[in-house]
Amino acid sequence: MKTPNYHDFYEKALIPIGLNDMRSLQESDAYTSRLEQTHWLIAVEGVQLPQPKIYYQWKVSIYPANAEGDFNWKKPFYCSTNMKLIDEAISLASTIVSSSQKDELTSTTLLEKIS
């Protein structure tokens, strides 16, 4: 797995994980018992395309993190498809932030909407 592009990594939010979302996290591949995962780190990431001229697409990623923001970049809970416009990624990230604050990030409706 390629190391993420932290030059174009924009943290949108660090939000406490609610009880419903915690249950879903614990059943996922992103869960790591070694790291006290108590928060969602929601970020917009630039994905550089392989071409001579530097060009980016954007994705939204959700990482389980601890209260200090430490997370495992190799195990995201969710990554969106690449988007051509950063505005689209920021809008999706805002929707995800709102849902995570309501402990509804992992609800079936939202997962269908963001997948």
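That block above? That's the structure.
Reference entry: report on the structure contained in this document. Fair warning: this is a prediction, and the values are worked out from it, not measured in the lab. (Residues numbered from 1 in each chain as written. Predicted model: local features only at pLDDT ≥ 70, side-chain atom pairs only at ≥ 80, totals over all residues. Heavy atoms only, no water.)

### Quick word on the environment of Ser 100
Put simply, the rule reads: For the purposes of this entry, the term helix denotes a DSSP run of H or I that reaches at least four residues, the term strand denotes a run of E that reaches at least two, and both are numbered from the N terminus. Buried residues are those whose accessible area, probed at 1.4 Å on protein chains only, stays under 20% of the maximum for their type, while exposed residues exceed 50% and partly exposed ones sit between those limits. Throughout, a contact is declared for two residues whenever any of their heavy atoms are within 4.5 Å.
For Ser 100, the location among the structural elements is in helix 2 (residues 86-101). Looking at Ser 100, the relative accessible area reads 2%, which means it is buried. When residues no more than four places from it in sequence are discounted, the contact partners of Ser 100 are Ile 15, Pro 16, Asp 21, Trp 40, Ile 42 and Leu 105.

### Describing the side chain of Ser 80
Note the following rule: As used in this structure description, the phrase polar contact means that two N or O atoms lie within 3.5 Å; if the pair is within protein, one of them must be able to donate a hydrogen and the other to accept it, and residues adjacent in sequence are counted only when both atoms belong to side chains.
Inspection of the secondary structure assignment puts Ser 80 in the loop between strand 4 (78-79) and helix 2. Taking the relative accessible area as the measure of exposure, Ser 80 reaches 9% and is therefore buried. For Ser 80, the side chain forms a polar contact with the main-chain nitrogen of Val 60, separated by 2.8 Å. Setting aside residues up to four positions removed in sequence, Ser 80 forms contacts with Lys 59, Val 60 and Leu 92.

### Notes on the packing of aromatic side chains
For clarity, the cut-off: Centres within 6.5 Å make a pair out of two Phe, Tyr or Trp rings, where for Trp the six-membered ring is used; the pair is then stacked when the planes are under 30 degrees apart, edge-to-face when over 60, and tilted otherwise.
Summed over all chains, the structure comprises 6 aromatic pairs. Judged by centre distance (6.4 Å) and plane angle (45°), the ring pair of Phe 9 and Tyr 63 falls under tilted. Residue Phe 9 is found in strand 1 (residues 9-16), and its partner Tyr 63 is found in strand 3 (residues 56-65); the two are separated by 54 residues along the sequence. Accessibility classification places Phe 9 together with Tyr 63 in one group, the buried group. Aromatic pair Phe 9 and Phe 71: ring centres 5.9 Å apart, planes at 5°, arrangement stacked. Of the two residues, Phe 9 is situated in strand 1 and Phe 71 in the loop between strand 3 and strand 4; the sequence distance between them amounts to 62 residues. Of the residues examined, Phe 71 reaches a relative accessible area of 21% and is grouped as partly exposed.

### Considerations on the nonpolar core
Selection criterion: Joining through side-chain atoms within 4.5 Å is the link that ties buried Ala, Val, Leu, Ile, Met, Phe, Trp, Tyr and Cys residues into a set, and such a set is a nonpolar core.
Counting 22 residues, the largest nonpolar core has Leu 25, Trp 40, Ile 42, Val 60, Ile 62, Phe 77 and Ile 96 as its most contacted members. Every element with two or more residues in this core is listed here: strand 1, helix 1 (19-26), strand 2 (39-48), strand 3 and helix 2. With 5 residues, the top contributor of residues to this core is helix 2. Discounting residues that sit within four places of it in the chain, Trp 40 has contacts with Ala 13, Leu 14, Ile 15, Ile 17, Asp 21, Leu 25, Ile 62, Tyr 63, Pro 64, Phe 77, Ser 100 and Leu 105. Phe 9, Leu 41, Ala 43 and Ala 65 belong to the second largest nonpolar core, which has 5 residues in total.

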